[in-house]
Structure formats: C-alpha cells, structure tokens
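Descriptive analysis of the structure
Below, each chain spelled out in residue letters.
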Amino acid sequence: MAKKKILFINQEISPYVPENAMSVMGRELPRTMQERNHEIRTFMPKWGTINERRGQLHEVIRLSGMNLIIDDTDHPLIIKVASIPTSRVQVYFIDNDDYFSNRQMTVDENGIDYPDNGERAIFFARGVLETVKKQCWVPDIIHCQGWMSGVVPFYIKTAYKDEPSFANTKVVTSLFAKDAKSDFGTNFKQCVEFRDAKADMLSDYSDQFTFDEFWKLAIDYSDGVILADKDSDKALQKYAKDKNIPLLGFQGEDFGDAYEAFYDQISPE
C-alpha cells in the first residue's frame, strides 16, 4: 500500500499506564505502522498518575503556551514529549493543571467519574489538533482509540474541516470493551461548541450525554470503525453496521496487514 501519514490519538499507552487491551494497542499499533515505513505521530493525555521522571517526559516549549477556551474559561495547553525505549515511538502528551495534573483517568481515587470528563475530552481533542496544526503536519488518517479521543471525529468534520492540515483527512475509530458507565452531564453540548461545531448539530443526541451517546457521536463522524477488542460493545457494533460505516472485525495480535488494508480502503490515495 502507499505509505501514509497516520496520527494516533490514544487514551492509553503502555508503559505510561498499566497494561490492558487499549494501552497495549496504543503502543503496538504505532510501532507496527512505523516499522512498515508509515510516518506517524502519537498523542495521549498526561495523566496525573504518569511519573514524568521515570518516563523521561520533558516540555516542548515551542508547542506549549496556547490557551483553549472551554465554556468561557481559559485553559493553558502544555505539550510534553517522550520516547518509548522498546519501540522508538515518540509520544506527545497533552497536559493541563485543571484537567490532568494530580488526577487519574476516568474515575477518582474513590471510583467516582470526574464530573468534567466531557470537558477533559474536548480539551484533549482540541489540544491535539491545534498542536498538529502548529507542526504543519498533514495526516492522511487519524486513528482514535479510547473515549478521550471521541470528540475528534466530530471536530474534524466540522470545526477543522477547512484547515489545510485536515481538509482531506479520514478518521478511524476503534471500539474496545466499554471503559466507563457514567455520563458527561447536561452541559456537554454547550462546551463542545467551537467554530462550525455547533450545539444544535447534536440535537439528535440525548441532552444527558451518556457514554453511549458519546460513542455514537464518534461513530457518526468517522470514516471507518475497527473492533479492537474481542469484547467490544455489541450495541455499538450494531450501531456502526446499521450506519453502513466500513467496519473491520477483531484481528487479534496479528493485525498489521488487515489494518493497513483498512487504511487503504478508507484513504485510497
């Protein structure tokens, strides 16, 4: 297949978080595509549980310093970077004191969902896309893994559709086993507004924006969906099939050829 520029937007990457199906794929998929000579960029949140010294993270000053406004509040964007020693994959981390520092992933120390998870996902999505713009990099494919990347497909098709970096970009979303059960509250639609991404575009979704609604949003604005976990949610699988969105079934550990062929199907040029 033709070599592509692939942007991986991950919720979890091992070894920065404990190993599970998502974090292992977050590491192995970029490594595999890099070894096949595709040009890649990889992003994840800088969760408060990540040990910066052990992971050898350092701030990228030239990419940091931007403020992102969410729900009328300024939030500074901090970019850090590190390389996974075993794979030579470079990872960019999206950081912010309000949303990530001293905080875990989906739930707090008591197992309760953070009430601003929707805002965190919005900040992460915009942080990644603004950073890629600043790098003057033009991906052919954006591959989203984990709910933290779930706003990206919507933004690519609305707020960023006229940006030179993303005008021809195709978006792939991976489905894993359901990793959260709560919801994003009633102000998600208001918070997600940015440029041409308007709240009224989400009128078909429940005002109480649940994780199921969130995944439906990601699927609706994606060009392809991959079942990345043998326990991927059955209802969401059916939802994608009913929408006639190209769907790649679970591939197991030997996924490289099938993923390349799927990328080529989604973005043939």
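As the structure is a computational prediction, the values presented were derived from the model and not from experiment. (Residues numbered from 1 in each chain as written. Predicted model: local features only at pLDDT ≥ 70, side-chain atom pairs only at ≥ 80, totals over all residues. Heavy atoms only, no water.)

Our next topic: the packing of aromatic side chains. In total, this model carries 16 aromatic pairs according to the counting rule given. Measuring from ring centre to ring centre gives 5.9 Å for Tyr160 and Phe194, while their planes differ by 45°; the resulting arrangement is tilted. Taken together, the residues Tyr160 in the loop between α4 (152-157) and β9 (170-175) and Phe194 in the loop between α5 (188-192) and α6 (211-220) connect sequence positions 34 residues apart. Seen from their ring centres, Tyr205 and Phe209 are 5.9 Å apart, and the 45° between their planes marks the pair as tilted. (Phe/Tyr/Trp six-rings, centres within 6.5 Å; stacked < 30°, edge-to-face > 60°. Helix = DSSP H or I, 4+ residues; strand = E, 2+ residues; numbered from the N terminus.)

Before going further, it helps to spend a moment on the side chain of Arg126. Positionally, Arg126 belongs in helix α3 (residues 117-134). Buried within the structure, Arg126 lacks any salt-bridge partner; its nearest side chain of opposite charge belongs to Glu130, at an N-O separation of 5.5 Å. Once residues lying within four places of it in the same chain are set aside, the contact partners of Arg126 are Leu68, Ile69, Ile70, Tyr155, Tyr160 and Phe194. (Buried < 20%, exposed > 50% of the residue type's maximum accessible area, 1.4 Å probe, protein only. Lys, Arg positive; Asp, Glu negative; His and termini not counted. Salt bridge = Lys/Arg side-chain N within 4 Å of Asp/Glu carboxyl O. Contact = heavy atoms within 4.5 Å.)

Scanning the model with the defined rule gives 23 salt bridges in all. When the shortest N-O distance is used, the salt bridge between Glu35 and Arg31 registers 2.9 Å. One end of the pair, Glu35, and the other, Arg31, are both in helix α1 (residues 21-35), 4 residues apart, so they sit about a helical turn from each other. We classify Glu35 as exposed; its relative accessible area is 52%. Across the pair Lys230 and Asp231 runs a salt bridge whose closest N-O atoms are separated by 3.4 Å. Members of the salt-bridge network, linked through shared partners, are Glu19, Arg27, Glu28, Arg31 and Glu35.

Here Glu28 lies in helix α1. Here the side chain of Glu28 touches Arg31 through a polar contact of 2.5 Å, side chain to side chain. (Polar contact = N/O pair within 3.5 Å; in protein donor to acceptor, adjacent residues only side chain to side chain.)

Attention now moves to the layout of surface pockets. Taken as a whole, the largest pocket spans an internal volume of roughly 270 Å³. Surrounding the largest pocket, 14 residues form its lining, Val24, Met25, Gly252, Glu253 and Phe255 being those nearest its centre. Looking at which element gives the most residues to the lining of the largest pocket, the answer is α1, with 5 residues. In the lining of the largest pocket, the residues fall into 8 nonpolar, 2 polar and 4 charged. (1 Å grid on protein atoms, 1.4 Å probe; cavity = no way out; pocket = protein on both sides within 12 Å on 5 of 7 lines; lining within 4 Å. Points joined across faces, edges and corners; volume = space filled by probe spheres on them. Nonpolar A, V, L, I, M, F, W, Y, C, P; charged D, E, K, R; others polar.)

The sheet contact formed by strand β4 (residues 67-70) and strand β5 (residues 73-76) spans 4 bridges and is antiparallel. Following the sheet pairing, Ile70 is matched in β5 by Thr73. Hairpin connection between β4 and β5: a loop of 2 residues separates the two successive antiparallel strands, and Asp71 in this loop has a positive phi of roughly 55°. (Pairing = 2+ DSSP bridges.)

Between Ser14 and Pro15 the backbone carries a cis peptide bond, its omega angle lying at 15°. Note on placement: Pro15 falls in the loop between β1 (5-10) and α1. Look at Asp71: it is not a glycine, yet its phi comes out positive at around 55°. Positioned with a positive phi, Asp72 is a non-glycine residue whose angle comes to about 65°. When you line up the elements, Asp72 lands in the loop between β4 and β5.

Turning to the packing of α6 against helix α7 (residues 234-242), a few remarks are in order. The interhelical angle for the contact between α6 and α7, taken along N-to-C directions, is 30°, at an axis separation of 10 Å. In terms of their interaxial angle, α6 and α7 are classed as roughly parallel. For the crossing formed where α6 meets α7, the hand is right-handed. The residues of α7 that touch α6, namely those facing Asp212, Trp215, Lys216, Ile219 and Asp220, are Leu236, Tyr239 and Ala240. Of the residues that constitute the contact of α6 with α7, the class distribution is 5 nonpolar, no polar and 3 charged. (Axes fitted to C-alpha atoms, helices over the stretch in contact; angles between N-to-C directions. Parallel < 35°, antiparallel > 145°, perpendicular 65-115°, else oblique. Left-handed = near helix turned anticlockwise from the far one by under 90°.)

In this structure, Tyr16, Tyr155, Phe188 and Tyr259 are the most contacted members of the largest nonpolar core, which totals 89 residues. The element best represented in this core is α3, accounting for 8 residues. Setting aside chain neighbours within four positions, we find Tyr259 in contact with Met25, Leu29, Met33, His143, Ile226, Ala228, Leu248 and Gln251. (Core = buried A, V, L, I, M, F, W, Y, C linked by side-chain atoms within 4.5 Å.)

What follows covers the sheet that holds strand β8 (residues 141-145). Sheets are built from strands paired through backbone hydrogen bonds, the pairs being either parallel or antiparallel. Strand order in this open sheet of 9 strands is β3-β6-β7-β2-β1-β8-β9-β10-β11, and the pairing throughout is mixed. The open sheet terminates on both sides in strands that have one partner only, identified here as β3 (58-59) and β11 (247-248). Strand direction decides the pairing type here: strand β2 (residues 39-45) and strand β7 (residues 89-95), joined by 3 bridges, are parallel. Each residue of the ladder has a partner; that of Pro45, found in β7, is Ile94.

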